[in-house]
Amino acid sequence: QVQLVESGGGLVQPGGSLRLSCAASGSIFSINYMDWYRQAPGKERELVATIIRGGSTNYADSVKGRFTISRDNAKNTMYLQMDSLKPADTAVYYCRAMVQTTRTSYGYLEFWGQGTLVTVSS
């Protein structure tokens, strides 16, 4: 099995910054896509940012220019640098990874982390 553990959430003032981490471990042959999602109370979970193993990225319009996604393939770890934070960014942030678990596996399996809470408030 694969485990994803998020960290780095907390309370920050508007305009402040946080850096989230997502560490993957377990039966991993390779990780293709890694994503950050977030879910605010009463709202649907939404995609925040995606990064492919080769480094290509995509961002939601709401965070473009403020958030930066990156990954360290040697550590199987993904990061989300969050700058110029707004109260609307308050949510539980979840890590997702699409993982090839063994050398002979076909396709990818989806795994989720437990989430880390980000609260933006003065």
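Rules behind the numbers
Residues numbered from 1 in each chain as written. Predicted model: local features only at pLDDT ≥ 70, side-chain atom pairs only at ≥ 80, totals over all residues. Heavy atoms only, no water. Salt bridge = Lys/Arg side-chain N within 4 Å of Asp/Glu carboxyl O. Helix = DSSP H or I, 4+ residues; strand = E, 2+ residues; numbered from the N terminus. Buried < 20%, exposed > 50% of the residue type's maximum accessible area, 1.4 Å probe, protein only. Core = buried A, V, L, I, M, F, W, Y, C linked by side-chain atoms within 4.5 Å. Disulfide = S-S within 2.5 Å. Pairing = 2+ DSSP bridges. Axes fitted to C-alpha atoms, helices over the stretch in contact; angles between N-to-C directions.

**Q** Please explain the pattern of salt bridges as it appears in this structure.
**A** Between side chains of opposite charge, a pair can form as their charged atoms come close. Under the definition given, this model contains six salt bridges. Of the charged contacts, one joins Asp89 and Arg38 as a salt bridge, the two residues approaching to 2.9 Å between their closest N and O atoms. Placement of the pair is Asp89 in the loop between β8 (77-82) and β9 (91-100) and Arg38 in strand β4 (residues 30-39), with a sequence separation of 51 residues. Across the pair Arg66 and Asp89 runs a salt bridge, and its minimum N-O distance is 2.7 Å. Placement of Arg66 in the loop between β6 (57-59) and β7 (67-72) and of Asp89 in the loop between β8 and β9 is noted, with a sequence separation of 23 residues between them. Just as Arg66 is buried, Asp89 falls in that class too. Each of the salt bridges in this network shares a partner with another, and the network as a whole consists of Arg38, Glu46, Arg66 and Asp89.

**Q** I keep staring at the nonpolar core and nothing clicks. Help me out?
**A** Taken as a class, soluble globular proteins show a tendency for nonpolar side chains to be buried jointly. If you look at the biggest cluster of nonpolar residues, it comprises 30 residues, and the most contacted ones within it are Trp36, Leu80 and Tyr93. Those elements that provide at least two residues to this core are β1 (2-7), β3 (18-26), β4, β5 (46-52), β7, β8, β9 and β11 (116-120). Residue contributions to this core peak at five residues, all from β9.

**Q** Could you clarify how one ought to interpret the state of the cysteines in this entry?
**A** What is meant by a disulfide is a covalent connection between two cysteines, made through their sulfur atoms. Under the defined criterion, the tally for this structure stands at one disulfide. The disulfide that involves Cys22 links it to Cys95, with 1.9 Å between the sulfurs. Measuring the twist about the S-S bond at about -70 degrees, one finds the Cys22-Cys95 disulfide to be left-handed. Residue Cys22 is found in strand β3, and its partner Cys95 is found in strand β9; the two are separated by 73 residues along the sequence. You'll find Cys22 and Cys95 in the same group, each marked buried.

**Q** Would you explain unusual backbone geometry in this entry?
**A** The phi angle of most residues is negative, glycine excepted, and most peptide bonds adopt the trans form. Positive phi is not limited to glycine here, since Asn76 has a value of about 50 degrees. By secondary structure assignment, the location of Asn76 is in the loop between β7 and β8. Residues other than glycine seldom take positive phi values, yet Ser84 does so here, at roughly 50 degrees.

**Q** What should I look at first to understand the sheet that holds β8 in this one?
**A** Across a sheet, strands are paired by hydrogen bonds formed along the backbone, either parallel or antiparallel in direction. One open sheet holds the four strands; their spatial order is β1-β3-β8-β7, and the pairing between them is antiparallel. Bordering the open sheet on either side are β1 and β7, each of which pairs with just one other strand. Along the sheet, successive strands turn relative to each other by an average axial angle of 15 degrees, direction set aside. Relative to β8, β3 is paired through six bridges, and the arrangement is antiparallel. Looking across to β8, one finds that Ser21 is bridged to Tyr79.

**Q** Help me out: how do you make sense of the pairing of β4 in this one?
**A** The side chains of a regular strand alternate, residue by residue, between the two faces of the sheet. Across the 10 residues that make up β4, a large majority, eight, are buried. Bridge count between β4 and β9: eight bridges; the pairing is antiparallel. The residue bridging Ile31 from the neighbouring strand is Val99, located in β9.

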